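# Chain and residue survey
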Amino acid sequence: MGIILEPHVSEDTLERYAMGLLPPPEAARLEEHLLGCHLCQDRLQETDDFIQAFRIAAPRVAEEERLRPQTKPGEWLRAALSGLFAWRPLPVAGALAAIALAVFLAMPDSQRIHPVQTRVLDLRAIRSDASAIARVSDQLTLRLDLEGLQPESGYRVEIAASNGRIVWSGEGKLEGPMLAVSPGTFDEPGFYWVRIVNARQQGSLLREYALEIRN
Amino acid sequence: MTSVRNDVGDAESNSQSMSTPETPSVPDGSQWRVLVERIQSGDNSAMEELYSLFSRGIRFYLCRQLGPQELDDKVHDTFLIVVQAIQRGDLREPERLMGFIRTVVRRQVAAFIDNAVHSRREQMDLETGVSIADNRQNPEQNAIIEQQAGIMKEVLDDISSRDREILTRFYLHEQPQEQICQEMNLSETQFRLLKSRAKARFGELGRKKLNRKSLNKLSMRNTAGS
Ligand SMILES: [Zn+2]
């Protein structure tokens, strides 16, 4: 059973809440409504599903789109080389082109094209989903959910590889109820731990989030 | 999907879908007061009433924040804390019952997260820095997420690259609507319509392809009375 709680939450407000962009007072009102309203619970679930699926699928579609013209046999290479070597004596240009082509063909497929793309990834503490997946080619901005913590300055973010080695650390920037950091691209695929530590209290661990980087 | 509805303001009304005979209307302040007094006097039926009104919402919130693991126990613990706090007289303004429950639930979420972080840290210390297995990787959940991503890919493959860019700017890069409309030469209505169509298509394909509800909903069906 639920309670009639009209008016219900608007689609825009639900979206902003799902994306962590709703200011705390509005979020509080919405959460009170959600506690008793089954309809809006279902609508938020659908919104969450949609956004999560979009954030996984959109980069894949974009990557496919980028790869499409480039993977036509040798076209991009010919275009690039024709400009680059236009002024050189033909035998030199030919030899360099052959070397470049050989290097290109010798590369594993995963290394051939790494279009760098900007990606914002929201990480939520403990919550079990697989949305925290990025690619080595992503220029990452991570937004860490501060659920249960005071949104205040003084938080430091560390990223540790699965062997415990710290691969990145820096100050977080508060963005509403989230803490944003931009670690850039990752060199190695694998599992990482993103941690919020209290810079004032000898780096005591406050939150930890899992992040997977794929090729 | 609900996205095809016309919702322009901050709030909207949809009494049709909520006015089923078994759905009670929202109690006003005096009704909350009566309910709170009955709980304080140890009336079991009042506790059942409170549970039937809020257990699904508590469950939904906990599941969204913490995932479906041990959800029944967490809901039970949280509900107990709410009842005990009411019985102790911690709720001084009964008409603020919903805000009070939200506060308790949020504190519980923070406590669950703290516990999980510390027990994970202790386990990591024991293993001298070697990370423990990632318990977030639930294969069934991942399969559902992948299926949904596949459906979304179909939706995105079917629309123009311009429309894809508009949606990507909003959902992936989180650019403000005003900026997107200005830079992409788009009216607010066109922007809303594009989002609504994408959501409707995603919902439609999802219903066709996935004979299931999300894990969260599955978990919720286990709740008595919901
Ligand atoms: Zn509602």
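Each value, and the rule that gives it
Residues numbered from 1 in each chain as written. Chains lettered and ligands numbered in written order. Predicted model: local features only at pLDDT ≥ 70, side-chain atom pairs only at ≥ 80, totals over all residues. Heavy atoms only, no water. Helix = DSSP H or I, 4+ residues; strand = E, 2+ residues; numbered from the N terminus. Buried < 20%, exposed > 50% of the residue type's maximum accessible area, 1.4 Å probe, protein only. Contact = heavy atoms within 4.5 Å. Areas by Shrake-Rupley, 256 points an atom, 1.4 Å probe, with all protein chains shown as cover. Donors = N, O, S within 2.8 Å, 3.2 Å for Na, K, Ca; no water. Tetrahedral: all angles 85-135°; square planar, octahedral: opposite > 155°, others 65-115°. Salt bridge = Lys/Arg side-chain N within 4 Å of Asp/Glu carboxyl O. pLDDT = per-residue confidence, 0-100. Axes fitted to C-alpha atoms, helices over the stretch in contact; angles between N-to-C directions. Parallel < 35°, antiparallel > 145°, perpendicular 65-115°, else oblique. Nonpolar A, V, L, I, M, F, W, Y, C, P; charged D, E, K, R; others polar. Pairing = 2+ DSSP bridges. Expected span 1.5 Å × (residues − 1). Phe/Tyr/Trp six-rings, centres within 6.5 Å; stacked < 30°, edge-to-face > 60°. Polar contact = N/O pair within 3.5 Å; in protein donor to acceptor, adjacent residues only side chain to side chain. Core = buried A, V, L, I, M, F, W, Y, C linked by side-chain atoms within 4.5 Å.

Within chain B, the secondary structure is distributed over 10 helices and one strand. Listing the helices and strands of chain B from first to last along the sequence gives β-α-α-α-α-α-α-α-α-α-α. For chain B, with 226 residues in total, the buried portion stands at 47%. Of all intrachain contacts in chain B linking residues separated by at least 6 positions in sequence, the fraction that spans at least 24 positions is 62%. Of the roughly 11,800 Å² that chain B leaves accessible, carbon and sulfur atoms contribute 48%.

With that settled, consider the coordination of the zinc ion. Four donors placed tetrahedrally about a metal ideally form angles of 109.5 degrees, and six donors placed octahedrally ideally form angles of 90 or 180 degrees. Residues and elements named next belong to chain A. Taken together, the protein donors to the zinc ion comprise His8 (ND1), His33 (NE2), Cys37 (SG) and Cys40 (SG), at separations of 2.0 to 2.3 Å. Around the zinc ion, the four donor atoms are arranged such that angles at the metal cover 101 to 120°; this shape is classified as tetrahedral. Counting the intervening residues between successive donors of the zinc ion yields the motif H-x24-H-x3-C-x2-C. Taken together, the residues span a long stretch of sequence, with His8 in strand 1 (residues 8-9) and His33 in helix 2 (residues 24-36) at a distance of 25 residues. Residues His8 and His33 agree in their burial class; the two are buried.

A complete count under the given rule lists 29 salt bridges over all chains for this structure. Of the charged contacts in the structure, one is a salt bridge between Arg60 of chain A and Glu146 of chain B, with a shortest N-O distance of 2.8 Å. Here Arg60 of chain A, found in helix 3 (residues 38-70), pairs with Glu146 of chain B, found in helix 6 (residues 139-157), and the two come from separate chains. For Glu146 of chain B, a relative accessible area of 36% gives the class partly exposed. Close ionic contact of Arg169 of chain B with Glu165 of chain B constitutes a salt bridge, the shortest N to O distance being 3.0 Å. Residue Arg169 of chain B and its partner Glu165 of chain B are located together in helix 7 (residues 161-171), separated by four residues, close to a single helical turn. Relative accessible area serves as the criterion here: at 14%, Arg169 of chain B is assigned to the buried category. Residue Glu165 of chain B is classed as partly exposed on the basis of its relative accessible area of 36%.

With that out of the way, let us pick up the confidence of the model for chain A. In this model, chain A carries an average pLDDT of 73, and 68% of its residues clear a pLDDT of 70 or more. Here residues 81-101 of chain A scores under 50 on pLDDT; set against residues more than four positions off or in separate chains, the count is seven contacts.

The next thing to look at is the packing of helix 2 (residues 29-40) of chain B against helix 4 (residues 71-88) of chain B. Residue and element names in this part refer to chain B. Close contact between helix 2 and helix 4 brings their axes to 8 Å; oriented N to C, the two are set at 90°. One finds that helix 2 runs roughly perpendicular with respect to helix 4. Note on element contacts: helix 4 touches helix 2 through Val83, Ile86 and Gln87, opposite Val36, Ile39 and Gln40. Here the residues of the contact of helix 2 with helix 4 sort into four nonpolar, two polar and no charged.

Okay, the pairing of strand 8 (residues 178-184) of chain A next. Residues and elements named next belong to chain A. The buried fraction of strand 8 amounts to six of the seven residues, a majority that puts the element mostly inside the structure. Sheet topology note: the strand 4 (residues 138-145)/strand 8 ladder contains five bridges and is antiparallel. Considered in strand 8, the bridge of Leu144 is made with Leu179. Where strand 7 (residues 173-175) meets strand 8, three bridges bridge the pair, whose relative direction is antiparallel. Note that in strand 8 the partner of Leu174 across the bridge is Leu179.

This part covers helix 2 of chain A. For helix 2 of chain A, spanning 13 residues, the distance from its first C-alpha to its last is 19 Å, which sits close to the expected 18 Å at 1.5 Å a residue. Taken together, the buried positions of helix 2 of chain A are occupied by Ala27, Ala28, Leu30, Glu31, Glu32, His33, Leu34, Leu35 and Gly36 of chain A.

A word on the packing of aromatic side chains. Residues and elements named next belong to chain B. Under the definition given, this model contains eight aromatic pairs over all chains. Centroid distance Trp32 to Phe54: 5.7 Å. Interplanar angle 35°. Geometry classified as tilted. Taken together, the residues span a long stretch of sequence, with Trp32 in helix 2 and Phe54 in helix 3 (residues 44-66) at a distance of 22 residues. When sorted by exposure, Trp32 lands in the same class as Phe54, which is buried. Judged by centre distance (4.8 Å) and plane angle (90°), the ring pair of Tyr51 and Phe79 falls under edge-to-face. Taken as a pair, Tyr51 in helix 3 and Phe79 in helix 4 lie far apart in primary sequence, 28 residues in all.

Turning next to the side chain of Gln41 of chain A. For Gln41 of chain A, the position within the fold is in helix 3. For Gln41 of chain A, a relative accessible area of 0% gives the class buried. Within the structure, Gln41 of chain A has its side chain in polar contact with the backbone oxygen of Leu34 of chain A (distance 2.7 Å). Gln41 of chain A has contacts with Leu34 and Leu35 of chain A together with Arg56, Gly57 and Phe60 of chain B, leaving out every residue within four places of it along the chain.

This part is about the confidence of the model for chain B. Caution applies to low-pLDDT parts of the model: their predicted coordinates are not meant to be read in detail. Residue and element names in this part refer to chain B. For chain B, per-residue confidence averages 80 on the pLDDT scale, and residues scoring 70 or more make up 73% of the total. Under a pLDDT of 50 for its full length, residues 1-24 has, in the predicted model, 59 contacts with residues more than four places off or in other chains. Of the regions scoring below 50 in pLDDT, residues 129-135 engages in 19 contacts with residues more than four places distant in sequence or in other chains. Scoring the predicted complex yields pTM 0.65 and, for the interface, ipTM 0.78.

Before going further, it helps to examine the nonpolar core. Residues Leu50, Phe54 and Leu97 of chain B are the most contacted members of the largest nonpolar core, which totals 74 residues. At 11 residues, helix 3 of chain B tops the list of elements feeding residues into this core. Not counting residues up to four positions away in its chain, the partners in contact with Leu50 of chain B are Leu35, Ile39, Ser55, Phe79, Val82, Val83, Ile86, Leu97 and Ile101 of chain B. Within the second largest apolar cluster, 23 residues are counted, among which are Val157, Leu179, Ile196 and Leu211 of chain A.

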